[in-house]
Amino acid sequence: MSNATALQHSIAAETGSQEFLVFSLGEEEYAIDILKVQEIRGYENVTRIANAPDFIKGVANLRGVIVPIVDLRIKFRLAEANYDEQTVVIVVNIADRVVGIVVDRVSDVMTLTSEQRKPAPEFGLSLPLDYIHGLGNLDDRMLVLVDIEKLLTSEEMALVEEAGE
Amino acid sequence: MDITDFYDTFFEEADELLAEMETHLLDLDVDQPDQERLNAIFRAAHSIKGGAGTFGFEALQRTTHLLENLLDYARRGELQLRRDIVDTFLEAKDMLNDQLDAYRQGGEPDPEALERICETLRRLALEEIGHHAEADAPAPTPASKPAAEPEPAAAVGGGRYQVALLGVADKDRALLIEELGQLGEVESHEGDVEQYRVVMKTSLSVDDIEAVMCFIVEPEQLSIQALDTPAEPVAEAAAPQAGKAEQTEQAAQAEKAETADKPADAKPAAPAKAAGKSASKAPAGGESTSIRVPVAKVDQIINLVGELIITQSMLNQVAEDSDTGKDTGLVTGLNLLQRTARDLQEAVMSVRMVPMDYVFSRFPRLVRDLASKLGKEVELVTEGKSTELDKGLTERIIDPLTHLVRNSLDHGIETPDRREAAGKPRTGRLLLSAQHQGGNILIEVIDDGAGLNREKLLAKARSSGLSVSDSMSDDEVWQLIFAPGFSTAEEVSDVSGRGVGMDVVKRNIQSMGGHVEILSKPGQGTTTRIVLPLTLAILDGMSIRVGGETFILPVSAVIESLQPSADDLYTLAGGDTLLKVREDYLPVVAVHHALDVAEAITDPTRAIAVIVQGEGRRYAVLVDNLIGQQQVVVKNLETNYRKVPGVSAATILGDGSVALILDVSDLHRLAQSKKDNRIFGNVSHLVEEIEPS
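So, a few notes on the structure that sits alongside this text. (Residues numbered from 1 in each chain as written. Chains lettered and ligands numbered in written order. Predicted model: local features only at pLDDT ≥ 70, side-chain atom pairs only at ≥ 80, totals over all residues. Heavy atoms only, no water.)

1. As for the interface of chain A and chain B
The interface is formed by 32 residues belonging to chain A together with 30 residues belonging to chain B. Summed over the three residues of chain A that lose the most area to chain B, namely Arg-48, Asn-51 and Ile-66 of chain A, the buried surface amounts to 28% of that side. Across the chain A-chain B interface, the total number found is one salt bridge. The residue Arg-48 of chain A makes a salt bridge to Glu-549 of chain B at a minimum N-O spacing of 2.7 Å. Our count for the contact surface shared by chain A and chain B stands at 10 residue pairs in polar contact (both at pLDDT 80 or more). Of all the secondary-structure elements, those providing two or more residues to the side of chain A that touches chain B are strand E4 (56-62), strand E5 (65-71) and strand E7 (97-103) of chain A. Looking at side-chain class alone, the side of chain A that touches chain B contains 17 nonpolar, five polar and 10 charged residues. (Contact = heavy atoms within 4.5 Å. Buried area = accessible area lost by both parts, 1.4 Å probe. Salt bridge = Lys/Arg side-chain N within 4 Å of Asp/Glu carboxyl O. Polar contact = N/O pair within 3.5 Å; in protein donor to acceptor, adjacent residues only side chain to side chain. Helix = DSSP H or I, 4+ residues; strand = E, 2+ residues; numbered from the N terminus. Nonpolar A, V, L, I, M, F, W, Y, C, P; charged D, E, K, R; others polar.)

2. A closer look at the environment of Val-555 of chain B
Residue and element names in this part refer to chain B. In this fold, Val-555 is placed in the loop between strand E13 (549-554) and strand E14 (558-562). Owing to a relative accessible area of 22%, Val-555 belongs among the partly exposed residues under this scheme. A C-alpha to C-alpha distance of 9.0 Å links Val-555 and Val-612, two positions 57 residues apart in sequence. Those residues within four positions of Val-555 in sequence are excluded, and the remaining contacts are Asp-540, Gly-541, Met-542 and Gln-629. (Buried < 20%, exposed > 50% of the residue type's maximum accessible area, 1.4 Å probe, protein only.)

3. A look at the packing of helix H3 (residues 58-75) of chain B against helix H4 (residues 83-104) of chain B
Residue and element names in this part refer to chain B. For the pair H3 and H4, interaxial distance at closest approach is 10 Å and the crossing angle is 160 degrees. Considering their axes alone, H3 and H4 lie roughly antiparallel with respect to each other. Crossing handedness for the pair H3 and H4: left-handed. Side by side, H3 and H4 meet where Glu-58, Ala-59, Leu-60, Thr-63, Thr-64, Leu-67, Leu-70 and Leu-71 of the first sit next to Phe-89, Ala-92, Leu-96, Gln-99, Leu-100 and Tyr-103 of the second. Residue composition of the contact of H3 with H4, grouped by class: 10 nonpolar, three polar and one charged. (Axes fitted to C-alpha atoms, helices over the stretch in contact; angles between N-to-C directions. Parallel < 35°, antiparallel > 145°, perpendicular 65-115°, else oblique. Left-handed = near helix turned anticlockwise from the far one by under 90°.)

4. Here we look at the sheet that holds E14 of chain B
All names here are of chain B. The mixed open sheet is built from six strands, whose spatial order is E14-E18-E19-E17-E16-E15. The open sheet has two edge strands, E14 and strand E15 (569-571), and neither has a second partner. Ignoring which end each strand starts from, the neighbouring axes of this sheet average 35 degrees apart. As paired strands, strand E16 (residues 577-581) and strand E17 (residues 584-590) are joined by four bridges and run antiparallel to one another. If you follow Val-581 over to E17, its bridge partner there is Asp-584. (Pairing = 2+ DSSP bridges.)

5. Regarding the packing of H3 of chain B against helix H5 (residues 111-129) of chain B
Residue and element names in this part refer to chain B. In contact at an axis separation of 10 Å, H3 and H5 are set at 20 degrees when each is read in the N-to-C sense. Overall, the two elements H3 and H5 adopt an arrangement that is roughly parallel. In this structure, the crossing between H3 and H5 has a hand that is left-handed. Mapping the contact onto sequence places Ala-59, Arg-62, Thr-63, Leu-66, Leu-67, Leu-70 and Tyr-73 in H3 and Leu-114, Glu-115, Ile-117, Cys-118, Leu-121, Arg-122, Leu-124, Ala-125 and Ile-129 in H5. Here the contact of H3 with H5 is built from residues that sort into 12 nonpolar, one polar and three charged.

6. Here we look at H5 of chain B
Residues and elements named next belong to chain B. Spanning 19 residues, H5 covers 26 Å between terminal C-alpha atoms, matching the ideal 27 Å at 1.5 Å per step. Of all the positions in H5, only Ala-113, Leu-114, Ile-117, Cys-118, Leu-121, Arg-122, Leu-124, Ala-125 and Ile-129 are classed as buried. Down the axis of H5, the buried side of the element spans an arc of 165 degrees, and every buried residue falls inside it. Along H5, exposed side chains directed more than 90 degrees from the buried face belong to Glu-112, Arg-116 and Glu-127. (Expected span 1.5 Å × (residues − 1). Arc of directions from axis to C-beta.)

7. With respect to H3 of chain B
All names here are of chain B. When the terminal C-alpha atoms of H3 are compared, their 25 Å separation across 18 residues agrees well with the 26 Å that a helix rising 1.5 Å per residue should span. Burial analysis of H3 places 14 of its 18 residues in the buried class, which makes it a mostly covered element. Where H3 terminates, the next one or two residues include Gly-77, which has phi positive at roughly 80 degrees.

8. A look at empty space enclosed by the protein
Residues and elements named next belong to chain B. Across all of its chains, the model carries five cavities of 30 Å³ or more by this definition. Space inside the second largest cavity adds up to approximately 80 Å³. Taken together, 13 residues line the second largest cavity, and the ones lying closest to its centre are Ile-309, Ile-310, Gln-630, Gln-631 and Ile-652. Looking at the lining of the second largest cavity, the elements with two or more residues in it are helix H12 (295-321), strand E20 (625-633) and strand E21 (647-652). The residue inventory of the lining of the second largest cavity, partitioned by class, reads six nonpolar, six polar and one charged. If you count residues domain by domain, the lining of the second largest cavity takes at least three from each of domain 3 (295-353) and domain 5 (538-690). (1 Å grid on protein atoms, 1.4 Å probe; cavity = no way out; pocket = protein on both sides within 12 Å on 5 of 7 lines; lining within 4 Å. Points joined across faces, edges and corners; volume = space filled by probe spheres on them. Domains from an automatic or database assignment.)

9. Quick notes on the sheet that holds strand E6 (residues 88-94) of chain A
Residue and element names in this part refer to chain A. The five strands are arranged E3-E6-E7-E5-E4 in an open sheet whose pairing can be described as mixed. The outermost strands of the open sheet, each flanked by one partner alone, are strand E3 (37-42) and E4. Across the sheet, the axes of successive neighbouring strands diverge by a mean angle of 30 degrees, strand direction being ignored. In this structure, E3 lies alongside E6, joined through five bridges in antiparallel fashion. Of the residues in E6, the one forming a bridge with Glu-39 is Val-91.

In structure tokens, the structure reads:
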């Protein structure tokens, strides 16, 4: 972690605010902890993996590292899965793994204070409650704060082999 | 800079020294001990003692000190070696290993064990030599030739020394001076980076000082001279060797130092030291020609070279596709780049290769201990020690091999009496061999014991609930011992027979991309054969095309390829297709079916059949096209994803896209399970397997 980010992080911890990367899947806006994000790249050259669930689009080459690419839109039926020039892949670092997630668009980076973060309602969201930190309130926008680590390491994502297999 | 920074270096060196000590001890002929060997054992103990002293590892220092004294008597012929004495030495060596481990963990060795071993060594000294070992400690000297061995009283009692540090950086120097201060009394120190002189008074010998310093600086950077000690006997020994080039230089440097401010009578000590050092170094195997590098650094270079090769093939493709490809200058340059890149890759890969000796060298001890424990007589023979294998693989093969060797000793080789009754020599023979076979290494564990018992295996399999029949072939019966929880040992011993084991051995070997098989003849012995790839980092691949996708088949698995004609294809009732190749009927696996590839050629007569072999089974793989052969860098899929059925790993193609490397044995299983699903209508089964809910 560079000094700058470390500093930001400590400031964030003191004030209870946190930075999020905001992206959209269909109509809804989602946000994930920016510290989990490694980079953002275009959706290209993804090699299909046979006999894998449909939301695992395959694997891609990230400068010599083979990275699985997941489409959450398909997994949670959030939106129609179109792939065009606007489609981007957010490469995240979770549990010592690198995973790419396909999103429709990355909008911006936002700082949310603790007041702006609300607990998520029990139902009504497209994502299971287990994977949601809460909701972010930003003027008239509602952001779903996703616990990306928990989501991607969950059994139903089938990204990580269970122990003892 | 802290002295603890050097701990790791010391631990590594000590580990190596102990391993070396063990090898020599095991090879030692007690009736006619080889002088060189005795010296080597002594030197190892001595060096460890020196280091232990520096770092304040007291237990280690005490044990090595006692051991060293005994060894010193042995090498001077004053201690007549016997087998049980060598056993005691080995025991002491094990204790040193334990102590090292304890220090490495940041703890202190078990004091009881320390007392026990010290007592054993002391008693041994008392009984065999009649002296008290500790009280009568002779001066340890590093000279390898007894003739050149200087035994001056001064070396025992110590004295004043001038320690010259040549080309030692400032930060290390301060540490060294501090270190010297702990060894004795530093009287003065002055000089510059090129040559820094420390005058000190100590009760230690030159060797002890040097042994301590050598954990921090190279021997070449050090020149120690005794001041005001009688130097004649040393000078005599050194005289004939002083002519050697590197020593002359050192001598000249030492001389320069002396003419500056020291009395001339100390002069001969420096060359003597240099001569002694280089003489003792030679048999140790050229330290100065090798360097110790963390494996991670080597792996990083391998990765980068892999990237370079990908970039290079990308350039080639671009040149071929464009008009500039006709530029002869460019073509020549690209060809040159290709060749150099390949050579570079080979050279880098060879860095990771280590001889099998690294693995085999740990077995003499194991076999010796185990045989005496079991009351058996076993002769261990190793062949192909110089066969090279990837470092990563050698480390992972040790456990399975250890298990196999234990099994052979415990279950395979019979007791001497039983062997005699069977008309075999009393001493059993265990052969460990390694050899290259194409792109693989073949490792065999062969014993001349009783062999596997067919009836017992079958009975045991039945009682463990495995489905077996009497009509099974011998080979099939032998493979039963790889089933989980299978052990035929009549009673559980601490050697083997807990029923965990052979299945783990098989799994370990399979995870390394290899396979294991067992051959056995009743009364004649058992052979376990392990086949492993030489390296896991690169692979000779055949690129194939199916639909719009590219896959890689390992060339080592490919036997031939052909275009099937309709006459040679036979469709069976179950939906299976067989292909007749000369006299054989081979099952056909279509890649597009096994891996669900769209828009592939489905008519076998228009496709290409690649005949492959995996896990001893031959079959035909149907693909659309063969693209060509190339070396590919193997990239693990499991680093960021998980195991994919039918696929062993991935690689990156010239255009930067990822291609999957097919696992020939797994592909067959995958096709089989898909077919079963289709027949029994149980389609969800496979999906469940991949997507656990």
